[in-house]
Amino acid sequence: MGKHLFRRVISILILVALTISLVACGKKGDGSQQSTQAKPTTMTMAINAEASGLDPNMQFDTVSAVWQQGMFEGLLREKNGDSLTIEPWLAESYEIASDGMTITFKIKQGVKFHNGETMTTEDVAFSYNRAIAASGTSTLTNTMDHMEAVDADTCVLYMKQSYLPVLKCLTMCTLSIVSKKAVEECEKNGTDFARNPVGTGKYKFVSWASGDRATYERFDDYWGEKAPCETFVLRYISDSTTGGLALENGEIDVLYGPNRADAKHMKEDLDYITFNSIAGAGYTFMFFNCVGDSPFADLKVRQAVAMALNRSDLMTAGVEGIGTLIECPLAPTIDGYDHSQKWYPYDVEAAKKLLAEAGYPNGFSCRAEICQQAQYKACAEAAQAQLRAIGIDMQIDLVEKATFLADVWQGGNFDVSLYLANCAVQDADFELYRRYHSGVQGKAGNLSGLSDPEIDAYLERARASVDSKERAELYAKVIQWAKDNCVSVPFYTANMNVAYNNAVGGVYAHPVNKFNFADFYWK
């Protein structure tokens, strides 16, 4: 029996069972006769990666945040279903100084931690200063200096410089409020807070079985509307196809990052499942080593590669075509994306001419070190076939992620490569500053080796400016420089996807896969 036929049979059996159940419970009709079927007390979500820890202040990564956000809350949050709207959360209100150098927060009173302690401004300042000092959070916090608890209901965040996207930063799980007492008790006892987390969220931590699942239960002393489920389970299922089958047969209720190849099947064959999709905030790109004796030190060679690549075909290979072609090194969902830009046209004959002008009429051989994940492999192989048409023999060397980071991102030992740039905060500064400023080295830094003092100045001015129009103009200059120098070739932004049982509400696809399971409920 074929995979899809098997799934169809399972789907029919589930629908039959649901129909029998509904008949037994009675019809809802005009509201006079309500169903007697009780809502489930447990909800289960699956994700294809595991958290590095459950201590939000100590790391800044999307996957760990998914495991943490039902337990932890920050002063501000994104409105569920609307990633561009920011609302107060553990803050009652906030005020940004006219020079952008301080933000004053009025802190919500009567909030309880999961250990029974009442949250104070001291906890708030402790959490912020702890996150600012952590080594793994600098991308998010490097414009922040410190936070001070002024009195029983007021905290002030002091900035190193004004920074317009700071409110977006403050919605990230990294800047969640933790219990100072709980952290200090863990330090005193030699236990790990990342395994014994204490926050203020709707759900409190119960257990974490590494490689399997984490379990959370409703926090009855929550300050607001209580969690809709008694228990929430977050399962680790590494294979998205296996996750899809688990969703189809009812083992799980929500699936983070379903297999793109299953999109058509879920949308057309499974009327009890919703496949929700939105343009992402990251993008896949090819980048060059532009310094030393590499052939890619020649601008004409880089431009030839840009014109030899059919990016639509690369998107099909990499993400089943479920994405959007981009015209500059940002995703369209990022503030600062230049919609007036057009990338180099696909033109094989023009590419051959440029190669000949660069002194390579017969092409050349090069090595591409690529992270061995499936999406990179497929995309790289498609690019490899296209570059053969202009005489470039690109040998692909697939390596583990740790090796890739050491060789390429940190060591600069590569000719050409490709990767996915994630922009966890939807602002151009988070991608353009680290990618093109000469002072950013190491992991996720200036990969090409090219730099320009004028571009450094533009990036620094844009980072400090509180004028949206000025920032857009400065980023447009940086984007134009990146195109003129063909520092990298932007391919596409993949859609971010989530699939879930129709009986579940509050689930939305998010540009950077930020899911707060405390927002999920049974309809």
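All values reported here derive from a predicted model rather than from experimental measurement.

What counts as what
Residues numbered from 1 in each chain as written. Predicted model: local features only at pLDDT ≥ 70, side-chain atom pairs only at ≥ 80, totals over all residues. Heavy atoms only, no water. Helix = DSSP H or I, 4+ residues; strand = E, 2+ residues; numbered from the N terminus. Rg over C-alpha atoms; globule rule 2.2 N^0.38 Å. Buried < 20%, exposed > 50% of the residue type's maximum accessible area, 1.4 Å probe, protein only. Contact = heavy atoms within 4.5 Å. Areas by Shrake-Rupley, 256 points an atom, 1.4 Å probe, with all protein chains shown as cover. Lys, Arg positive; Asp, Glu negative; His and termini not counted. Charge placed at Lys NZ, Arg CZ, Asp CG, Glu CD. Salt bridge = Lys/Arg side-chain N within 4 Å of Asp/Glu carboxyl O. Phe/Tyr/Trp six-rings, centres within 6.5 Å; stacked < 30°, edge-to-face > 60°. Arc of directions from axis to C-beta. Polar contact = N/O pair within 3.5 Å; in protein donor to acceptor, adjacent residues only side chain to side chain. Axes fitted to C-alpha atoms, helices over the stretch in contact; angles between N-to-C directions. Parallel < 35°, antiparallel > 145°, perpendicular 65-115°, else oblique. Left-handed = near helix turned anticlockwise from the far one by under 90°. Nonpolar A, V, L, I, M, F, W, Y, C, P; charged D, E, K, R; others polar. Pairing = 2+ DSSP bridges. Core = buried A, V, L, I, M, F, W, Y, C linked by side-chain atoms within 4.5 Å.

A.B. asks: Hey, could you run me through the overall build of the protein in this one?
C.D. replies: Broken down by element type, the protein carries 16 helices and 20 strands. Rg of the C-alpha trace for the protein: 25 Å, near the compact-globule value of 24 Å for 523 residues, within the 12% margin. A principal-axis box enclosing the C-alpha atoms of the protein has dimensions of 75 × 65 × 45 Å. In the protein, which comprises 523 residues, the proportion classed as buried is 52%. Across the protein, the fraction of contacts at a sequence separation of at least 24, relative to all contacts at a separation of at least 6, is 68%. Summed over its atoms, the accessible surface of the protein is roughly 21900 Å², and 49% of this surface lies on carbon and sulfur atoms. Across the protein, 48 positive and 65 negative side-chain charges occur, with their mean positions spaced 4 Å apart.

A.B. asks: Which parts of the structure should I look at to understand unusual backbone geometry?
C.D. replies: Backbone phi values are negative for most residues with the exception of glycine, while trans is the configuration of most peptide bonds. Located in the positive-phi region is C486, a residue other than glycine, with phi close to 45 degrees. Despite not being glycine, N513 has its phi angle at roughly 55 degrees, a positive value. Here N513 is to be found in the loop between β19 (504-505) and β20 (521-522).

A.B. asks: Sorry if this is basic, but what is going on with the pattern of salt bridges here?
C.D. replies: When the charged atoms of two side chains with opposite charge come close together, those side chains can pair. Summed over all chains, the structure comprises 25 salt bridges. We note a salt bridge from D153 to K106, for which the minimum N-O separation is 4.0 Å. Residue D153 is found in the loop between β6 (144-151) and β7 (154-159), and its partner K106 is found in strand β5 (residues 102-107); the two are separated by 47 residues along the sequence. Taking relative accessible area as the criterion, D153 reaches 31% and is therefore assigned partly exposed. For the salt bridge of E470 with R461, the shortest nitrogen-to-oxygen distance reads 3.5 Å. By relative accessible area, E470 is classed as partly exposed at 27%. Beyond isolated ion pairs, a larger network of salt bridges with shared partners links R77, E87 and D519.

A.B. asks: Would you take a moment to explain the packing of aromatic side chains for this structure?
C.D. replies: Each pair of aromatic rings is reported with the distance of its centres and the angle of its planes. Taken as a whole, this structure holds 23 aromatic pairs when the rule is applied. Taking 6.4 Å as the distance between ring centres and 40 degrees as the angle between the ring planes, the aromatic pair formed by Y94 and F105 counts as tilted. Highlighted residues: Y94 in strand β4 (residues 91-96) and F105 in strand β5, separated in sequence by 11 residues. Relative accessible area serves as the criterion here: at 29%, Y94 is assigned to the partly exposed category. Ring geometry for F296 and F364: centres 5.7 Å apart, planes at 75 degrees, overall edge-to-face. Of this pair, F296 sits in the loop between β13 (283-288) and α9 (299-308) while F364 sits in strand β15 (residues 364-371), and the two are 68 residues apart along the sequence.

A.B. asks: Please clarify how helix α10 (residues 311-319) should be interpreted in this entry.
C.D. replies: An α-helical turn contains 3.6 residues, so a residue and the one three or four places further along point in the same direction. Every buried residue belonging to α10 is among R311, L314, M315, G318 and V319, and all of these are buried. An end-on view of α10 places all buried positions within 100 degrees of arc, on one side of the element. If you follow the buried residues of α10, they end up packed against β14 (323-325), α12 (374-388) and β18 (488-501). Its side-chain oxygen 3.2 Å from the backbone nitrogen of S312, N310 forms the N-cap of α10. Phi turns positive, to about 60 degrees, at E320, one or two residues after α10.

A.B. asks: Hey, could you run me through the packing of α10 against α12 in this one?
C.D. replies: Look at α10 against α12: their axes get within 7 Å of each other, and the N-to-C directions meet at 150 degrees. In terms of orientation, α10 and α12 fall into the roughly antiparallel class. α10 and α12 meet at a crossing whose hand is right-handed. Residue-level contacts link D313, L314, A317, G318 and V319 of α10 to Q375, A378, C379, A382, A383 and Q386 of α12. Partitioned by chemical class, the residues of the contact of α10 with α12 number seven nonpolar, three polar and one charged.

A.B. asks: Even after reading the chapter, I still don't get the pairing of strand β2 (residues 76-79), so can you show me in this structure?
C.D. replies: Every regular strand shows the same layout, with side chains that alternate between the two sheet faces. As paired strands, β2 and strand β3 (residues 82-88) are joined by four bridges and run antiparallel to one another. Bridge pairing in β3 links K79 to D82. If you look at the hairpin formed by β2 and β3, you'll find two residues sitting between the two strands, and G81 has a positive phi there, around 90 degrees.

A.B. asks: Got a minute to help me understand the nonpolar core in this structure?
C.D. replies: The nonpolar side chains of a soluble globular protein tend to be buried with one another. Ranked by size, the top nonpolar core spans 149 residues in total, and within it L75, F105, L157, L170, M286 and F520 carry the most contacts. The leading source of residues in this core is β18, at seven residues. Setting aside residues up to four positions removed in sequence, M286 forms contacts with V305, L309, A383, M394, V416, S417, L418, S488, V489 and F491. In terms of nonpolar packing, the next biggest core, distinct from the first, is built from 14 residues, A46, I252, L255 and Y272 among them.

A.B. asks: Quick question: what am I supposed to make of the pairing of strand β17 (residues 416-421) here?
C.D. replies: Counted residue by residue, β17 has five buried out of six residues, so it is predominantly covered. For β13 and β17, the ladder comprises six bridges, and the chain directions are antiparallel. Within β17, the position partnered with Y283 by the bridge is A421.

A.B. asks: Would you take a moment to explain the sheet that holds β4 for this structure?
C.D. replies: Sheets are built from strands paired through backbone hydrogen bonds, the pairs being either parallel or antiparallel. Read from one edge of the open sheet, four strands run β4-β5-β7-β6, paired in antiparallel fashion. Both outer strands of the open sheet, β4 and β6, are each paired with one neighbouring strand and no more. When the angles between neighbouring strand axes are averaged without regard to direction, this sheet yields 20 degrees. Strands β5, β6 and β7 of the sheet are contacted by helix α3 (residues 121-133), whose axis makes an angle of about 170 degrees with β6.

A.B. asks: Help me understand the environment of A261 in this model?
C.D. replies: Mapped onto the elements of the fold, A261 is located in the loop between β11 (254-256) and α8 (263-269). Classification of A261 by relative accessible area gives partly exposed; the value is 43%. Taking the C-alpha atoms as reference points, A261 and E320, 59 residues apart in sequence, are found 6.7 Å from one another.

A.B. asks: I'm lost on the side chain of E78 in this one. Help?
C.D. replies: Secondary-structure assignment places E78 in strand β2. At 3.0 Å, the side chain of E78 and the side chain of K514 are in polar contact. With residues up to four places along the chain from it excluded, the contact list for E78 reads S83, T85, E87, T171, H510 and K514.

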